[in-house]
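# Results of the structural survey
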Amino acid sequence: MGLGFTSQLNDPDLDRVSAALLRAGQRARELAGQTGTGIAVQIDGELRILQGAELDMPTEASNED
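An account of the accompanying structure is given in this report. (Residues numbered from 1 in each chain as written. Predicted model: local features only at pLDDT ≥ 70, side-chain atom pairs only at ≥ 80, totals over all residues. Heavy atoms only, no water.)

## So, the overall build of the protein chain
- In terms of helices and strands, the protein chain carries two helices and two strands.
- Each helix (α) and strand (β) of the protein chain, taken in turn from the N terminus, gives the series α-α-β-β.
- Out of the 65 residues belonging to the protein chain, those deemed buried represent 11%.
- The contacts in the protein chain between residues at least 6 apart in sequence include a share of 19% that link residues at least 24 apart.
- Accessible surface, the protein chain as shown: approximately 5,400 Å² in total, 51% of it carbon and sulfur. (Helix = DSSP H or I, 4+ residues; strand = E, 2+ residues; numbered from the N terminus. Buried < 20%, exposed > 50% of the residue type's maximum accessible area, 1.4 Å probe, protein only. Contact = heavy atoms within 4.5 Å. Areas by Shrake-Rupley, 256 points an atom, 1.4 Å probe, with all protein chains shown as cover.)

## Focus: the pairing of strand E2 (residues 46-50)
- Bridge count between strand E1 (residues 39-43) and E2: five bridges; the pairing is antiparallel. Each bridged residue has a counterpart across the sheet, and for Ile-39 the counterpart in E2 is Leu-50.
- A loop of two residues connects E1 with E2, the two strands running antiparallel in sequence, and Asp-44 in this loop sits at a positive phi of about 50°. (Pairing = 2+ DSSP bridges.)

## What about unusual backbone geometry?
- Backbone geometry places Asp-44, a non-glycine residue, at a positive phi of 50°.
- Assignment of secondary structure puts Asp-44 in the loop between E1 and E2.

## Some words on the environment of Ile-49
- Assignment of secondary structure puts Ile-49 in strand E2.
- With eleven residues separating them in the primary sequence, Ile-49 and Gly-38 have C-alpha atoms 5.9 Å apart.
- Setting aside chain neighbours within four positions, we find Ile-49 in contact with Gly-38, Ile-39, Ala-40 and Glu-54.

## Section: the pattern of salt bridges
- Tallied over the full model, the rule gives three salt bridges.
- Here Arg-16 ties to Asp-13 by a salt bridge, and the two come within 2.9 Å at their closest N and O atoms. Side by side, Arg-16 and Asp-13 carry an identical accessibility label, which is exposed.
- One salt bridge in this structure joins Arg-27 and Glu-30, with 3.3 Å as the shortest N-O distance. With Arg-27 and Glu-30 both in helix H2 (residues 17-35) and three residues apart, this pair spans about one turn of that helix.
- According to the relative accessible area criterion, Arg-27 is partly exposed, its value standing at 41%. (Salt bridge = Lys/Arg side-chain N within 4 Å of Asp/Glu carboxyl O.)

Set out below in structure tokens:
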């Protein structure tokens, strides 16, 4: 999986955080699509509300270090 975050700490729980966040984001998109609501996201530093077909756009992780 190319998307996600990595931890520099030696903690097995933190190693699974990235996958959990990606699953939660996908589930939020699915629920928003089913209920006809939008979700707030930050894309390139800009706050946006995604609705409808925009919810099906591929997700990309940005590296903002």
